[in-house]
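# Structural overview for review
For reference, the chains in residue letters:
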Number of protein chains: 2
Amino acid sequence: MLVIHDKSAIRKLVASWQAQGQRVGLVPTMGALHAGHISLVRQSRESCDRTVVTIFVNPTQFGPSEDLALYPRALQADCAMLEDEGVDAVFAPPEGSMYAADHSTWVTVDGLTSGLCGASRPTHFRGVTTIVSKLFHIIPADEAFFGQKDYQQATVIRRMVRDLDLDLRVTVCPIVREPDGLAMSSRNRFLTAEQRQAALVLSRALGDVSQMVGEGATPDDCRKFLEHAIGSEPLAELDYAAIVDADTLGEIRDFSRPAVAALAVRFGATRLIDNILLPPSG
Amino acid sequence: MLVIHDKSAIRKLVASWQAQGQRVGLVPTMGALHAGHISLVRQSRESCDRTVVTIFVNPTQFGPSEDLALYPRALQADCAMLEDEGVDAVFAPPEGSMYAADHSTWVTVDGLTSGLCGASRPTHFRGVTTIVSKLFHIIPADEAFFGQKDYQQATVIRRMVRDLDLDLRVTVCPIVREPDGLAMSSRNRFLTAEQRQAALVLSRALGDVSQMVGEGATPDDCRKFLEHAIGSEPLAELDYAAIVDADTLGEIRDFSRPAVAALAVRFGATRLIDNILLPPSG
């Protein structure tokens, strides 16, 4: 497995594969890899001839009061995991190489980014879409893999790809969970034992909502249930509980179209997100 | 010469050329072609193995009160000119095919777009950078050609290409002028005979400024001279007269670095722009 730090080197490598007719899969990550990331790598290995994983803790998707400095970095351990998985190349650019001092170009997706995580993280998605479009230009993959855990992010990236005529397929892979239901996240390591236990409220409440929809509950019932469930956990502080259209992320009045139930909850300084797809019912 | 209306067809054609190792040049235009555009085509034909010209009157770069509906369309005449020039393919997408009804992704360049034309056309450059990045994705050319007449546009596109790691070279070609000095523009056809004559004030004043710099004038002297020159022409209404840094488009106090003198002037409803590069002096 090649670990490449230089943009033109990874570009040349990918071009050489594509010149041989090989399909290239891309898994963009911020490192601190866990089983969720690995599921994306395996999906890419199944669908593509070559798999590139990028590891870059992107400063522009962190707000001024967020955890950029604390975000876990573990390049060596990450590379060891990826080598075991048969990844072909890791692109890990140095921090200073991705943004010029006078960087001033941004890719923004309006509408989809204003609610949910965008409400409390107003510049987050601009940072995500900008770095992802840069990575797509450096590594013009045939297919890119994202996790459903970051549902809004995946939806925003799909929209960006469509709107900007980017020539690649976006594949969104299912959430990978701990045996007790907690969604895998690089931020889980920040939880105390008590918070870790309390954090099960997310997946439990989302599972309950999924069942409620089958039993005829309205979106409003479901949202209230989520708020109540999170409110009942003393260590949890609700950021949002939302039941939205799966494509537009807009508010809904019934479950006639695919929907998603999404939660963002703080445990101390650690903010966790989780979601569940709700197929049309009734 | 192929005239292609479909995104995936032009994409396939360009890919087939590049698979054979041919360099592809791209000349993005809004049609209504004149000798300025043709100079870009000729430059592309000289530097590249294949040349694609795009013709698309991009609605998102026109403001609500601007001349989108009136902008000249002349696809047949344009194609005849391009065929004579040995262009390989024209990409002319239908109006509805470039923006979905719920299009919501924008590429923006901050800073560089706030002054000069950006001051009176606040959404113009967002439209330009968005359509140009779309065209770069549909036609991943090796080199793209823009005219210096739209100096701010060329500077903004260069910055976008750098910031988003787009893998192509941007070449800016000199302004092509009528024999009497008027910069070629698709909008010149809207001028009355009197306005056409009066419009010579732009190139004349810029030429004078270039000489003044050689004689030791300050940027402030030059700006005042331009304002006075335009002010002396009864049919001309000044939008801006600016002497700015050639790279940052910021204000300057001396001519120690490359600069540009730029004018935007209205003649009735027709807005013309022109500029001249001012090499460092002194």
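Every value quoted in this text rests on a predicted model; they were computed, and no experiment measured them. (Residues numbered from 1 in each chain as written. Chains lettered and ligands numbered in written order. Predicted model: local features only at pLDDT ≥ 70, side-chain atom pairs only at ≥ 80, totals over all residues.)

### A short note on the overall build of chain A
If you tally the helices and strands in chain A, you get nine helices and ten strands. By the compact-globule yardstick of 19 Å for 282 residues, chain A fits well, its C-alpha radius of gyration being 19 Å. For chain A, the spread of C-alpha atoms along the principal axes amounts to about 55 × 40 × 40 Å. When each of the 282 residues of chain A is scored for burial, the buried share is 41%. Nonlocal contacts in chain A, meaning residues at least 24 apart in sequence, comprise 69% of its contacts between residues at least 6 apart. (Helix = DSSP H or I, 4+ residues; strand = E, 2+ residues; numbered from the N terminus. Rg over C-alpha atoms; globule rule 2.2 N^0.38 Å. Buried ≥ 20, exposed ≤ 12 C-beta atoms within 10 Å, placed from the backbone. Contact = placed C-beta atoms within 7 Å.)

### Side note on the sheet that holds strand β8 (residues 237-245) of chain A
All names here are of chain A. Spatially, the three strands line up as an open sheet ordered β8-β9-β10, and their pairing is antiparallel. Every interior strand has two partners, whereas the edge strands, β8 and β10 (270-278), have only one. Each strand of the sheet is rotated relative to its neighbour by a mean of 10 degrees, with strand direction disregarded. Of the pairings in the sheet, the one linking β8 to strand β9 (residues 259-267) comprises eight bridges and is antiparallel in character. Bridged to Asp-245 within β9 is Ala-259. (Pairing = 2+ DSSP bridges. Axes fitted to C-alpha atoms, helices over the stretch in contact; angles between N-to-C directions.)

### Side note on the domain arrangement of chain A
Residues and elements named next belong to chain A. Domain annotation for chain A reports domain 1 (2-173) and domain 2 (188-277). Relative to domain 2, the C-alpha centre of domain 1 lies at a distance of 26 Å. Tallying the contact residues gives eleven residues for domain 1 and eleven residues for domain 2. The set of elements that each furnish at least two residues to the side of domain 1 that touches domain 2 consists of α4 (117-120) and α6 (151-163). Across the side of domain 1 that touches domain 2, the residue classes tally to six nonpolar, four polar and one charged. (Domains from an automatic or database assignment. Nonpolar A, V, L, I, M, F, W, Y, C, P; charged D, E, K, R; others polar.)

### What to know about the packing of helix α5 (residues 124-138) of chain A against α6(A)
Residue and element names in this part refer to chain A. Between α5 and α6, the shortest axis-to-axis distance is 10 Å and the interhelical angle comes to 50 degrees. Compared by their axis directions, α5 and α6 come out oblique. For the crossing formed where α5 meets α6, the hand is right-handed. Mapping the contact onto sequence places Phe-125, Val-128, Thr-129, Val-132 and Ser-133 in α5 and Gln-153, Val-156, Ile-157 and Met-160 in α6. (Parallel < 35°, antiparallel > 145°, perpendicular 65-115°, else oblique. Left-handed = near helix turned anticlockwise from the far one by under 90°.)

### Focus on the sheet that holds strand β3 (residues 50-55) of chain A
Within a sheet, adjacent strands bond to each other through the backbone by hydrogen bonds, running parallel or antiparallel. Residue and element names in this part refer to chain A. Strand order in this open sheet of six strands is β1-β4-β3-β2-β6-β7, and the pairing throughout is parallel. The sheet terminates laterally at β1 (2-4) and β7 (169-173), the two strands that pair on one side only. Neighbour-to-neighbour, the strand axes of the sheet open up by a mean angle of 25 degrees, direction not taken into account. Judged from the two bridges that link them, strand β2 (residues 24-29) and strand β6 (residues 143-147) form a sheet pairing that is parallel. By the bridge assignment for β6, Gly-25 is matched with Glu-143.

### Describing the relation of the copies chain A and chain B
Once turned by 180 degrees and shifted 0.0 Å along the axis, chain A lies on chain B with an RMSD of 0.0 Å. These values place the two chain copies in the arrangement generated by a two-fold rotation axis. Identified as the residue of chain A closest to the rotation axis by C-alpha distance is A:Val107, at 2.3 Å. Same-surface contact between copies: 100% of interface residues of chain A are shared with the interface of chain B. (Least-squares fit on C-alpha atoms with pLDDT ≥ 70 in both.)

### A few points about the interface of chain A and chain B
At the junction of the two partners, chain A supplies 25 residues and chain B supplies 25 residues. At the level of elements, α1 (7-19), β5 (105-109), α5 and α6 of chain A are the ones that each hand at least two residues to the side of chain A that touches chain B. The biggest single contributor to the side of chain A that touches chain B is β5(A), with five residues. The residue inventory of the side of chain A that touches chain B, partitioned by class, reads nine nonpolar, seven polar and nine charged.

### Concerning the pairing of strand β7 (residues 169-173) of chain B
All names here are of chain B. One ladder, built from five bridges, connects strand β6 (residues 143-147) with β7; its direction is parallel. Along β7, the bridge assignment pairs Ala-144 with Val-170. Crossover β6 to β7 through helix α6 (residues 151-163) is right-handed. (Right-handed = clockwise from strand over helix to strand, strands pointing away.)

### Focus on unusual backbone geometry
Residues and elements named next belong to chain A. Not every positive phi belongs to a glycine, and Asp-165 is a case in point at roughly 55 degrees. Inspection of the secondary structure puts Asp-165 in the loop between α6 and β7. Overall, Asp-165 belongs to the partly exposed group, with 16 C-beta atoms counted inside 10 Å.

### Digging into the confidence of the model for chain A
Per-chain confidence: chain A averages 97 in pLDDT, with 100% of residues scoring 70 or above. Scoring of the predicted complex yields 0.97 for pTM and 0.97 for ipTM. (pLDDT = per-residue confidence, 0-100.)

### Examining the nonpolar core
The biggest cluster of nonpolar side chains holds 152 residues, and the ones touching the most others in it are A:Ile139, A:Ala261, A:Leu263, B:Ile139, B:Ala261 and B:Leu263. Setting aside residues up to four positions removed in sequence, B:Leu263 forms contacts with B:Leu202, B:Ala205, B:Leu206, B:Leu226, B:Ile230, B:Ala241, B:Ile273, B:Asp274 and B:Asn275. (Core = buried A, V, L, I, M, F, W, Y, C linked by C-beta atoms within 7 Å.)

### Description of the environment of B:Ala229
Residues and elements named next belong to chain B. Mapped onto the elements of the fold, Ala-229 is located in helix α9 (residues 219-231). The class of Ala-229 is buried, set by 21 C-beta atoms lying within 10 Å. In contact with Ala-229, other than residues within four places in its own chain, are Val-201 and Ala-205.

### Here's the deal with the packing of helix α8 (residues 200-214) of chain B against α9(B)
Residues and elements named next belong to chain B. Closest axis-to-axis distance for the α8/α9 pair is 10 Å, and the angle between their directions is 155 degrees. It follows that α8 is roughly antiparallel to α9 by the angle criterion. Read as a crossing pair, α8 and α9 show a hand that is right-handed. The segment α8 lies against α9, with Val-201, Ala-205, Asp-208, Val-209, Met-212 and Val-213 engaging Asp-221, Cys-222, Phe-225, Leu-226, Ala-229 and Ile-230. Considered class by class, the residues forming the contact of α8 with α9 number ten nonpolar, no polar and two charged.

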